[in-house]
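# Structural overview for review
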Amino acid sequence: MRQSSHTYVYCLIGLIALLGLVALALRSHLAIGKAEPTSQTSLQIALGKELFNDAQLSADGSVRCASCHIPDKAYTDGQRVAVGVHGRTGTRNTPSLATVEASGDNTFFWDGRRTALEQAVLDPLTNPVEMGLHNQAELIEKIQANAAYRNAFVQAFPDSKSSITPDKIASALVAYVRSLKSPESAYDRYALQGDHTALSPQAQLGLAIFKGKGRCAECHLLQSSPATLTDHAYHRTGVGLDAVNQNLPALTQSIIDRSLHGAAIGDRVATHADEAQLGRFNVTQDPADIGLFRTPSLRGVASTAPYMHDGSVATLDDAIDREVYYRSLQAGYPLSLSVEERRDLKAFLQAL
Ligand code: HEC
Ligand code: HEC
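Residues numbered from 1 in each chain as written. Chains lettered and ligands numbered in written order. Predicted model: local features only at pLDDT ≥ 70, side-chain atom pairs only at ≥ 80, totals over all residues. Heavy atoms only, no water.

Looking only at helices and strands, the protein chain has 16 helices and 2 strands in total. Put simply, the protein chain has 352 residues, and 43% of those count as buried. By sequence separation, contacts in the protein chain at least 24 residues apart represent 62% of the contacts at least 6 residues apart. (Helix = DSSP H or I, 4+ residues; strand = E, 2+ residues; numbered from the N terminus. Buried < 20%, exposed > 50% of the residue type's maximum accessible area, 1.4 Å probe, protein only. Contact = heavy atoms within 4.5 Å.)

Moving on: the environment of methionine 308. Structurally, the position occupied by methionine 308 is in the loop between β2 (292-294) and α15 (316-331). Along the chain, methionine 308 and proline 95 lie 213 residues apart, while their C-alpha atoms are 9.2 Å from each other. Residue contacts for methionine 308: discarding those within four places in its chain leaves Asn93, Trp110, Val239, Val313, Ala319, Arg322 and Glu323.

For the rest of this paragraph, the subject is the packing of aromatic side chains. Throughout the structure, instances matching the rule amount to 6 aromatic pairs. Centroid distance tyrosine 325 to tyrosine 326: 5.1 Å. Interplanar angle 75°. Geometry classified as edge-to-face. Note on tyrosine 325: relative accessible area 48%, which makes it partly exposed. Here the aromatic residues Tyr187, Tyr190, Phe210 and Phe348 are joined through ring pairs into a cluster of three or more. Over the aromatic face of phenylalanine 109 sits the side chain of arginine 113, whose NZ or CZ is 4.1 Å from the ring centroid. One Lys or Arg, arginine 280, reaches over the ring of tyrosine 234 and ends 4.1 Å from the middle of that ring. (Phe/Tyr/Trp six-rings, centres within 6.5 Å; stacked < 30°, edge-to-face > 60°. Lys NZ or Arg CZ within 6 Å of the ring centre and 35° of its normal.)

Taken as a whole and assessed by the stated rule, the structure comprises 11 salt bridges. With a shortest N-O distance of 2.7 Å, glutamate 101 and arginine 178 are connected by a salt bridge. With glutamate 101 in helix α3 (residues 98-102) and arginine 178 in helix α8 (residues 166-179), this pair connects stretches of sequence that are 77 residues apart. Residue classification places glutamate 101 among the partly exposed residues on the basis of a relative accessible area of 38%. Put simply, glutamate 218 and arginine 215 hold a salt bridge, and the shortest N to O gap is 3.2 Å. Residues joined by salt bridges that share partners form a network here, namely Arg92, Asp111 and Arg113. (Salt bridge = Lys/Arg side-chain N within 4 Å of Asp/Glu carboxyl O.)

If you walk through the whole model with that rule in mind, you get 1 cavity of 30 Å³ or more. Size it by volume and the largest cavity reaches roughly 40 Å³. Around the largest cavity sit Leu51, Leu57, Cys65, Leu125, Met131, Leu139, Ile169 and Leu173, which together line it. (1 Å grid on protein atoms, 1.4 Å probe; cavity = no way out; pocket = protein on both sides within 12 Å on 5 of 7 lines; lining within 4 Å. Points joined across faces, edges and corners; volume = space filled by probe spheres on them.)

The subject of this paragraph is the layout of surface pockets. The space that makes up the second largest pocket amounts to roughly 150 Å³. Along its surface, the second largest pocket is lined by 14 residues, and Ala74, Ser182, Pro183, Arg299 and Gly300 are the ones closest to its centre. Partitioned by chemical class, the residues of the lining of the second largest pocket number 6 nonpolar, 7 polar and 1 charged. Counting contributing residues per domain, the lining of the second largest pocket is built from domain 1 (50-179) and domain 2 (186-241 + 291-349), each supplying no fewer than three. (Nonpolar A, V, L, I, M, F, W, Y, C, P; charged D, E, K, R; others polar. Domains from an automatic or database assignment.)

Residues in close proximity to ligand 1 total 25 residues, the closest being Cys65, Cys68, His69, Phe109 and Trp110. With respect to ligand 1, the side chain of histidine 69 contributes an N or O atom lying 2.9 Å from a nitrogen atom. In the environment of ligand 1, an oxygen atom lies 3.0 Å from a nitrogen or oxygen atom belonging to the side chain of arginine 113. Those elements that place two or more of their residues in the shell around ligand 1 are α2 (65-68) and α5 (123-126). Of the residues in the shell around ligand 1, the class split is 15 nonpolar, 4 polar and 6 charged. (Near = heavy atom within 4 Å. Polar contact = N/O pair within 3.5 Å; in protein donor to acceptor, adjacent residues only side chain to side chain.)

What follows is the structure, encoded as structure tokens:
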């Protein structure tokens, strides 16, 4: 009797163990099934990263995406304006790519001339002062010539035909750019996790100014979680406009003529500094848009100097002074911040 009840208990334990194993096996089987799209995405991200770091994709073999979007500088380059192939300089300051996904950007470049990231990632390759390739055919040729790439494209895009196309190159670059995480900031910890020690008392005073008297949060929005710090809209700050004000009629006319001839906006803007200062007008040709630029996200702003679309503002202190000055001009009332208040504001910006 005792013997048989023992056997019974052992059998039961055995059965439970067996069921456990079956469940485990099933789970891992399901997990493999589920993991497939993820691993495909990771192959595309890995391929995108290769392309992003490949100087062979430029006209003189010296410039890669990461030459200007440097990981250690929040994917900016620390230069006033970008320097591309043959040492040619552009007209605009390199924006951070770490903010693209985090701030939910849906328009790209300082003037918003692209509405799809898939287009924006291909433009630099053929821009004459960035990577300088003649056209996308030359790009495909370079990639096609590399056996490792041919293999990587088949792996990353197994469902489609084996040819390498601009669409697939764009998809891989987009997968990589979207994978760039803007690191969790002190302000994120403060706002999202309610960690009130994450912001110093000074930065908390700065936050109050940012939302209140400074009115910064009207454009650099704090609402969503995490905060986008942009309104995805266009505003006139006056930066750079003084220099071209005298020449406006001629400049607007040449932009209109150029658009009638169908020239690529990006190539033109990167090679004509004075036209570039007209901002959104280059895209819309609407006089109301002269000098309007997209509000940049301020995530990680302490590491993205110099500032503004033309990189004309060297330090964060100068950027704050500039914004305070222009905001009061626009609001039509003097916004005066004391030296201490500006320091508080800076402490807050450093926590973003
Ligand atoms: C020579 C420097 C340089 C190189 C090389 C370069 N970029 Fe950029 N990138 C810039 C500049 C400058 C801008 C802003 C241009 C403008 O707004 O007119 C920019 C803007 C962008 C944007 C739009 C970001 C935003 O927030 O609007 C994306 C995306 C981007 N680059 C991706 C890439 C990729 C992908 C590559 C490689 C294929 C690349 N860049 C190569 C300098 C560079
Ligand atoms: C009316 C909308 C608006 C308001 C209000 C505003 N900004 Fe901005 N901010 C912008 C735009 C647009 C730019 C880009 C201007 C350019 O490049 O010409 C910008 C640029 C900046 C930059 C430079 C970012 C970079 O990456 O180059 C900083 C820093 C900044 N603002 C801080 C502030 C502060 C601090 C306040 C409050 C005192 C403020 N802004 C108020 C729209 C605004």
